[in-house]
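Each chain, written out:
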Amino acid sequence: EAGVTQSPTHLIKTRGQQVTLRCSPISGHTSVYWYQQALGLGLQFLLWYDEGEERNRGNFPPRFSGRQFPNYSSELNVNALELEDSALYLCASSSTGGRFSSYNEQFFGPGTRLTVL
Amino acid sequence: GNSVTQMEGPVTLSEEAFLTINCTYTATGYPSLFWYVQYPGEGLQLLLKATKADDKGSNKGFEATYRKETTSFHLEKGSVQVSDSAVYFCALSVMRFGAGTRLTVKP
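Residues numbered from 1 in each chain as written. Chains lettered and ligands numbered in written order. Predicted model: local features only at pLDDT ≥ 70, side-chain atom pairs only at ≥ 80, totals over all residues. Heavy atoms only, no water.

Caption draft 1: Structural context of the overall build of chain B. A count of helical and extended segments in chain B gives zero helices and 12 strands. Reading the helices (α) and strands (β) of chain B from amino to carboxyl end gives β-β-β-β-β-β-β-β-β-β-β-β. Its C-alpha atoms give chain B a radius of gyration of 13 Å, within 12% of the compact-globule value 13 Å for 107 residues. With respect to the three principal axes, the spread of C-alpha positions in chain B is 45 × 25 × 20 Å. Scored against the burial criterion, the 107 residues of chain B give a buried share of 48%. Taking all contacts inside chain B whose residues are at least 6 apart in sequence as the whole, residues at least 24 apart take part in 54%. (Helix = DSSP H or I, 4+ residues; strand = E, 2+ residues; numbered from the N terminus. Rg over C-alpha atoms; globule rule 2.2 N^0.38 Å. Buried < 20%, exposed > 50% of the residue type's maximum accessible area, 1.4 Å probe, protein only. Contact = heavy atoms within 4.5 Å.)

Caption draft 2: Geometry of the nonpolar core. Core analysis: the biggest nonpolar cluster contains 26 residues, and Leu19, Trp35, Leu47, Leu48, Phe73, Leu75 and Tyr88 of chain B have the highest contact counts within it. Listed by contribution, the elements that provide at least two residues to this core are strand 2 (11–14), strand 3 (19–21), strand 4 (23–26), strand 5 (33–38), strand 6 (44–50), strand 8 (62–65), strand 10 (86–93) and strand 12 (101–106) of chain B. With four residues, the top contributor of residues to this core is strand 10 of chain B. For Leu75 of chain B, the residues in contact, after removing those within four places along its chain, are Leu19, Thr20, Ile21, Trp35, Leu47, Leu48, Phe62, Glu63, Ala64 and Tyr88 of chain B. Core analysis: the second largest hydrophobic core is formed by 22 residues, Cys23, Leu47, Phe64 and Val78 of chain A among them. (Core = buried A, V, L, I, M, F, W, Y, C linked by side-chain atoms within 4.5 Å.)

Caption draft 3: Focus on the state of the cysteines. Inspection of the entire model under this criterion finds two disulfides over all chains. The side chain of Cys23 of chain A participates in a disulfide bridge whose partner is Cys91 of chain A; the two sulfur atoms lie 1.8 Å from each other. With the S-S dihedral at roughly -65 degrees, the linkage between Cys23 of chain A and Cys91 of chain A falls on the left-handed side. Here the residue Cys23 of chain A occupies a position in strand 3 (residues 19–24), and Cys91 of chain A occupies one in strand 9 (residues 87–94), the gap between them amounting to 68 residues. Residue pairing for Cys23 of chain B: its cysteine sulfur links by disulfide to Cys90 of chain B, the two sulfurs lying 1.9 Å apart. The chirality of the disulfide connecting Cys23 of chain B with Cys90 of chain B is left-handed, given an S-S dihedral of about -65 degrees. Of the two residues, Cys23 of chain B sits in strand 4 while Cys90 of chain B sits in strand 10, which places them 67 residues apart along the sequence. For the pair Cys23 of chain B and Cys90 of chain B, one class covers both residues: buried. (Disulfide = S-S within 2.5 Å.)

Caption draft 4: Examining the pairing of strand 10 of chain B more closely. All names here are of chain B. Strand 10 sits mainly inside the fold: eight of its eight residues count as buried. Examined bridge by bridge, strand 5 and strand 10 share five bridges and lie antiparallel to one another. Of the residues in strand 10, the one forming a bridge with Phe34 is Ala91. Bridge analysis of strand 10 against strand 12 gives three bridges, and the strand direction is antiparallel. Bridge pairing links Val87 to Arg102 in strand 12. In this sheet, strand 11 (residues 96–97) lies alongside strand 10 in antiparallel orientation, the contact comprising two bridges. Of the residues in strand 11, the one forming a bridge with Ala91 is Phe97. Turn length for the strand 10-strand 11 hairpin, with the two strands adjacent in sequence and antiparallel, is two residues. (Pairing = 2+ DSSP bridges.)

Below is the structure:
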């Protein structure tokens, strides 16, 4: 069974540009989660999608957005990039959505390393 | 609201030493608790979990017991190896991760 995949692996952008990161969940998983892991810091929750709907959002500005497609894959978009957006962006998926899915085991992808110059 | 407090470290141990990484939580209801591990250059992977009070999760020699009375889920290993060097995250839910503890094991 294929794991969670993310693309691209690495990305270099300049301030003010826009970026799109992609994530494909494990087959059969309906929930997708996005996290930011800045260097030396822990995981910061960004977004949670389930069945195509945004379920919850972390404390990030509106220039961080995303969507989930009918095949449950997901995109994370970041507009007007700032230097502090440089981080590893992790995507995870879990097997069931619904009210209690926030307590489900997550499977993580390898991440996309974004560098903003 | 729900929260997780994790010993931040970093922690440096010699091979075969005993490891404890503390994790306490605040939550309503009966959440599942998780420990995830992140090896250098990789994403997170589940190390162990417990779904109810007094459950003990275990994997690769690591153990953690879900203690409702002390709201804790401390990670332990009796004899660490160099290959255990990684960052360890305690998690209460998908939105509540601890800050991570970097473990370095020296030969």
